[in-house]
2 protein chains.
Amino acid sequence: MTETSTAAPIETDAHIDTLVAAAVAAGDRWAATDPAERERIVVAVADALEADADRLIPIARQETNLAEPRLRGELKRTAFQLRLLARVAAAGDHLDVRVDHPDTDWPMGAPRPDLRRTSVPLGPVVVFGASNFPFAFSVAGGDTAAALAAGCPVIYKSHRGHPELSAATAETVTAALAAHGAPDGLFATVSSQAEGRAALAHPDVKAGAFTGGIPGGRALFDLAQSRPEPIPFYGELGSVNPVFVTEAAAAGRAQEIVDAFIGSFTLGQGQFCTKPGLLLVPAASSFTDLLRAAALPAGHRLLNPGIAQGHHQVREELAGRADVSVLAGGGGEVDPPLATLLSTDVDTLVAHFDELFVECFGPTALVVVYRDEAQLLDVARALDGQLTATLIAEDDDAIVGPLATILTRKAGRLLWNQWPTGVSVTYAQQHGGPYPASTASGTTSVGTAALNRFVRPVAWQGFPQHLLPGELRDDQTLPAPRRVDGHLEAGSRE
Amino acid sequence: MTETSTAAPIETDAHIDTLVAAAVAAGDRWAATDPAERERIVVAVADALEADADRLIPIARQETNLAEPRLRGELKRTAFQLRLLARVAAAGDHLDVRVDHPDTDWPMGAPRPDLRRTSVPLGPVVVFGASNFPFAFSVAGGDTAAALAAGCPVIYKSHRGHPELSAATAETVTAALAAHGAPDGLFATVSSQAEGRAALAHPDVKAGAFTGGIPGGRALFDLAQSRPEPIPFYGELGSVNPVFVTEAAAAGRAQEIVDAFIGSFTLGQGQFCTKPGLLLVPAASSFTDLLRAAALPAGHRLLNPGIAQGHHQVREELAGRADVSVLAGGGGEVDPPLATLLSTDVDTLVAHFDELFVECFGPTALVVVYRDEAQLLDVARALDGQLTATLIAEDDDAIVGPLATILTRKAGRLLWNQWPTGVSVTYAQQHGGPYPASTASGTTSVGTAALNRFVRPVAWQGFPQHLLPGELRDDQTLPAPRRVDGHLEAGSRE
């Protein structure tokens, strides 16, 4: 295994062995814990985080440069997410329960046995936190919430962008788990990259989850897949989130679109994975004039010096090109950066796609002018995997049907006259798309379907009732929706 | 890309480019085809296969050494599987449809938008066939059926074990697809390993499926994961399928268990991926005497010379060990081999697990004698991933609760007083388990959940009704079960 820090490998591995052994033991108890009890304990973590807000928020402000209202909102979202996932998990919604009764006339040609299928927790999960949501994609964020609620222990690798907040949050989480009777070792943290890699490589770890950039995420994905036993690795790696503005929309409401676009790409200083980084607008419109005249918001410092340097470098590379012009803002400051709008035309974009269609994490976006709406289809076809793709259009635009069809193959979420920043935690959310948006495009890291990532199905054939999991018994001692002989039945908690 | 045949790489790649381009074009049309129409066409393939039975069965007999009744049964199962998957796919059962209406009071802290999520086909799939089920895991087998029914084109890599049957079956499939209006290029075959690898590496291919052995399967998995865009690879690689006989079961019905075990491990000359390859029995029982005295069935030739040689080699390595004895059968014939029962004790097994707990594809099994039922837990803990694990036990055996708990972490299907050979195609089937049983333990290659492998979720936010897929519209022009604002609603075809 490649060590990337100066930590002595042998010490690290012994430490990781201890953490993982504790996680395995805790996982056995946690998986066997009644789902309603697991819900109670995860909700207690949510309550503890909210109760500790006044201790946590100042540390977060200090370490991330994010404003207090944003951080308070994010902490509320984080607590809500824990409660929602705990409730849905306790309802057995993610178990995909199926019960087939014996059928001697089953037309397969052989009798159908009594076969009952539910899902079981995977086991220990290593979660790698992100820097840009110090609560919602961090210690007690979506991946941790989904793994715990689904019945898995978590080894959390802190992001170096907010080490004190991570330690303080972990303290709250650990204390709440202990106070409410969770097994020891259910949740642990590590802080070095070497420890994170050692944990991901450990034979008793059964999944990894990650939010961050492409190089780091791909390296971890490769590690997880090259293990003697490969394991699922749910990585969210990067996205440009293109926005397609049709001619009719541009003609009818250019100023409104400009204002909303500026609000979205500069939200949180452009440090959202769903930031709209590319806006396609018709040449025959007032768009570029409006954008040139727009007041860009004054920005605050970025999350950390590494992100500021990364943003500066990508922005300067783009702005320095002969085929790209600076439309508004910019000026070369590293941190805080001024919001920057760059511009090019669609032929240039298509000719140099790999150089121009890049994520610039921070308050910079590229405006691309098209001559003909049909060019939107060319751009859509050229896309790699995206978290989102947005249509700003009118209901009767002819282009939107074909465009949406192509975009369903490229993105996890399509938006219609709304903006991609702001990812609601709901039942129907899909936050994930084809690579590199995600390393597992069939999954989501936000919303209740995020639970599905941390269980796998098991079928019981011919078992006596008393040995079956509650959701598989005839008297269904645990409520869950079930498909019985092919017919769906809602769970008793529905 | 590594070429493993003598085919000129450039020619191969050009050929593959053509096939994949046709598959992409066909896939666009197929994905846009009404699900009921897709069902009709896939059912037509099933009908055509059954109509062609008298042409196909003799070729299969010639190439596989399998008996006619077995082959006729398998063809029936194959046709049934196509029909069942087509019907379930048309019902939208695998789409995991979710509809969230806007909610300004959503307790996340921000209003919930109108968000609707369904699933879309992945795109072209490369399917690598197996030798041991020349119909059910071959050209028109489970993976092809699931991919087509889910809306994906298929490029099928034939198994060299039955080339003429593969060509004849592909002819039937292609003719039926064409006659019933499927888009050209929806289904194509390749026959060399180099072509199969080239197809799997092609950027426009979006998934792979495989049934076979560990070395070949792992090489393809590694290829799929190391692509610039990694893609899902659903490989089923190998399984020993241990059977745990408790003391009470052995005391009460030893002869019955012996007879059933012999029937199961010699079924199809032991060439099932679910063959019970290891039987754990108590020392204090008449088991070994009964097994020694048992009449083992006379066997026919194995599927092909490579399999015969592989079986012979593993059997001789095991039988040649000082700590393994030959209990019954054997004799060293390569093909047809005589059924062979080998024997050792549980301490030896645990001490040399990696050498003794191996798949021996053919009519050979290892009987392992234990002194104490608690040793069954040690063996269960030592297992790697399995397709199945079987308990032959009594309802009031104290060991079975703890044993089953461990086995749920190791296997995809647990059986109770039934035998693992015979995999029913049903709603609740789970054929797949932790690695190396599967490369994707959250999935199954048999049963209706096999459809889930070939779609990925997409969310539509704020879209007007006329641009939504039918299953997401308020008037639901396509029937499917849906979760609406968190509450499950059965589809109109339920």
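Thresholds applied
Each residue is numbered by its place in its chain's sequence as written, counting from 1. Written order decides the labels, with chains lettered from A and ligands numbered from 1. In view of the model being predicted, local features appear only for residues whose pLDDT reaches at least 70, and side-chain atom pairs are presented and counted only at 80 or more, with totals across whole chains, interfaces and linings using the full set of residues. What counts as a helix is a DSSP run of H or I of at least four residues, what counts as a strand is a run of E of at least two, and both are numbered from the N terminus. Computation of the radius of gyration draws on C-alpha atoms, with the globule rule given as 2.2 Å multiplied by the number of residues to the power 0.38. Any residue whose C-beta has 12 or fewer other C-beta atoms within 10 Å is treated as exposed, any with 20 or more as buried, and any in between as partly exposed, C-beta atoms being built from the backbone. We call two residues in contact when the distance between their C-beta atoms, placed using the backbone, is within 7 Å. A residue's pLDDT is simply how confident the predictor is in it, with values from 0 to 100. The split of the chain into domains comes from an automatic or database domain assignment. For two strands to pair, DSSP has to find at least two bridges joining them. To get an axis, a line is fitted to the C-alpha atoms, and for a helix only the part in contact is used. The angle between two axes follows their N-to-C directions and goes from 0 to 180 degrees. Here the arc refers to the directions that run from the helix axis out to each C-beta atom. Three classes are used, and their members are as follows: Ala, Val, Leu, Ile, Met, Phe, Trp, Tyr, Cys and Pro are nonpolar, Asp, Glu, Lys and Arg are charged, and the others, Gly among them, are polar. A set of buried Ala, Val, Leu, Ile, Met, Phe, Trp, Tyr and Cys residues, joined through C-beta atoms within 7 Å, is what we mean by a nonpolar core. Oblique is the label for every angle not falling under 35 degrees (roughly parallel), over 145 degrees (roughly antiparallel), or within 65 to 115 degrees (roughly perpendicular). Definitions for this section: a left-handed crossing has its near helix turned counterclockwise from the far helix by less than a right angle. A right-handed crossing has that turn clockwise.

## A few points about the overall build of chain A
Of regular secondary structure, chain A possesses 15 helices and 17 strands. Computed over its C-alpha atoms, the radius of gyration of chain A comes to 24 Å, within 12% of the 23 Å expected for a compact globule of 494 residues. Overall, chain A is about 75 × 60 × 40 Å in size when its C-alpha atoms are taken along their principal axes. The buried share of chain A, taken over its 494 residues, is 59%. Counting only contacts in chain A whose residues sit at least 6 apart along the sequence, the fraction spanning at least 24 positions is 75%.

## What to know about the confidence of the model for chain A
Interpretation of this model should avoid reading the predicted coordinates in detail wherever pLDDT is low. Averaged over chain A, the pLDDT score is 95; the fraction of residues at 70 or greater is 97%. Under a pLDDT of 50 for its full length, residues 1–9 of chain A has, in the predicted model, 14 contacts with residues more than four places off or in other chains.

## Describing unusual backbone geometry
Cis geometry marks the peptide bond from A:Tyr435 to A:Pro436; its omega dihedral reads 5 degrees. Among the structural elements, A:Pro436 can be located in the loop between strand E14 (411–416) and strand E15 (455–461). Cis geometry marks the peptide bond from B:Asp335 to B:Pro336, where omega comes out at 0 degrees. By the secondary structure assignment, B:Pro336 is in the loop between strand E10 (325–329) and strand E11 (340–345). We note that A:Gln269 has phi near 60 degrees; this positive angle belongs to a residue other than glycine. Within the secondary structure, A:Gln269 is located in the loop between helix H9 (247–265) and strand E9 (278–282). C-beta crowding within 10 Å serves as the criterion here: with 27 such atoms nearby, A:Gln269 is assigned to the buried category.

## Topic: the domain arrangement of chain A
Residue and element names in this part refer to chain A. For chain A, the domain assignment lists domain 1 (9–237 + 440–457 + 467–472) and domain 2 (242–416). For domain 1 and domain 2, the distance between their C-alpha centres works out to 33 Å. Listed by partner, the interface residues are eight residues for domain 1 and 11 residues for domain 2.

## With respect to the sheet that holds strand E13 (residues 386–392) of chain B
Spatially, 12 strands are ordered E17(A)-E16(A)-E1(A)-E2(A)-E15(A)-E14(B)-E13(B)-E8(B)-E9(B)-E12(B)-E11(B)-E10(B) in an open sheet, and the strand pairing comes out mixed. Both edges of this open sheet fall to strand E17 (487–489) of chain A together with E10 of chain B, since each of them pairs with a single strand only. The sheet shows a mean angle of 25 degrees between the axes of neighbouring strands, taken without regard to direction. Here strand E8 (residues 242–245) of chain B pairs with strand E9 (residues 278–282) of chain B via three bridges, running parallel. Paired with B:Pro242 across the bridge in E9(B) is B:Leu278.

## Some details on helix H14 (residues 374–382) of chain B
Residues and elements named next belong to chain B. Every buried residue belonging to H14 is among Leu376, Val379 and Ala380, and all of these are buried. Along H14, the residues classed as buried sweep out an arc of 100 degrees about the axis, all on the same side. The exposed residues of H14 that point more than 90 degrees off its buried face are Ala374 and Arg381. Contacts made by the buried residues of H14 are with E8, E9, helix H12 (346–351), strand E12 (364–370) and helix H15 (400–408).

## Quick word on the sheet that holds strand E2 (residues 115–121) of chain B
If you trace the 12 strands from one edge of the open sheet to the other, you get E10(A)-E11(A)-E12(A)-E9(A)-E8(A)-E13(A)-E14(A)-E15(B)-E2(B)-E1(B)-E16(B)-E17(B), paired in mixed fashion. Single-partner strands in this sheet number two, and they are strand E10 (325–329) of chain A together with strand E17 (487–489) of chain B. Ignoring strand direction, the axes of neighbouring strands in this sheet form an average angle of 25 degrees.

## Observations concerning the interface of chain A and chain B
Counting residues at the interface gives 66 residues for chain A and 66 residues for chain B. Mapped onto the side of chain A that touches chain B, the elements with two or more residues apiece are helix H4 (68–90), strand E1 (97–100), strand E2 (115–121), helix H15 (400–408), E14, E15 and E17 of chain A. Among the elements that make up the side of chain A that touches chain B, the one with the highest residue count is E15(A) (six residues). Its residues assigned to classes, the side of chain A that touches chain B shows 30 nonpolar, 22 polar and 14 charged.

## Focus: the pairing of E15(A)
Here E15(A) lies mainly inside the structure; seven of its seven residues are buried. Judged by which residues are buried, E15(A) turns out to be covered on both faces: A:Val455, A:Pro457, A:Ala459 and A:Gln461 on one side and A:Arg456, A:Val458 and A:Trp460 on the other are all buried. Across seven bridges, E2(A) lies against E15(A) in antiparallel orientation. Paired with A:Leu115 across the strands is A:Gln461, a residue of E15(A). Here E15(A) pairs with strand E14 (residues 411–416) of chain B via three bridges, running parallel. Bridge pairing in E14(B) places A:Trp460 opposite B:Leu414.

## Structural notes on the nonpolar core
Ranked by size, the top nonpolar core spans 160 residues in total, and within it A:Leu280 and A:Val367 carry the most contacts. Here the element with the most residues in this core is helix H4 (residues 68–90) of chain B; it accounts for 11 residues. If we ignore the near neighbours within four places in the chain, the residues touching A:Val367 are A:Leu279, A:Val281, A:Thr288, A:Leu291, A:Leu327, A:Leu341, A:Leu342 and A:Ser343. Residues A:Phe80, B:Ala328, B:Leu387 and B:Val400 belong to the second largest nonpolar core, which totals 158 residues.

## Considerations on the packing of helix H3 (residues 53–64) of chain A against helix H6 (residues 163–179) of chain A
All names here are of chain A. One can describe the packing of H3 onto H6 by two numbers: an axis separation of 8 Å at closest approach and a directional angle of 160 degrees. As judged from the angle between their axes, H3 and H6 are roughly antiparallel. Where H3 crosses over H6, the two elements pack in a sense that is left-handed. Contact with H3, carried on its side by Arg55, Leu56, Ile59, Ala60 and Glu63, involves Glu164, Leu165, Ala168 and Thr169 of H6 and no other residues of that element. Residue classes in the contact of H3 with H6 are distributed as five nonpolar, one polar and three charged.

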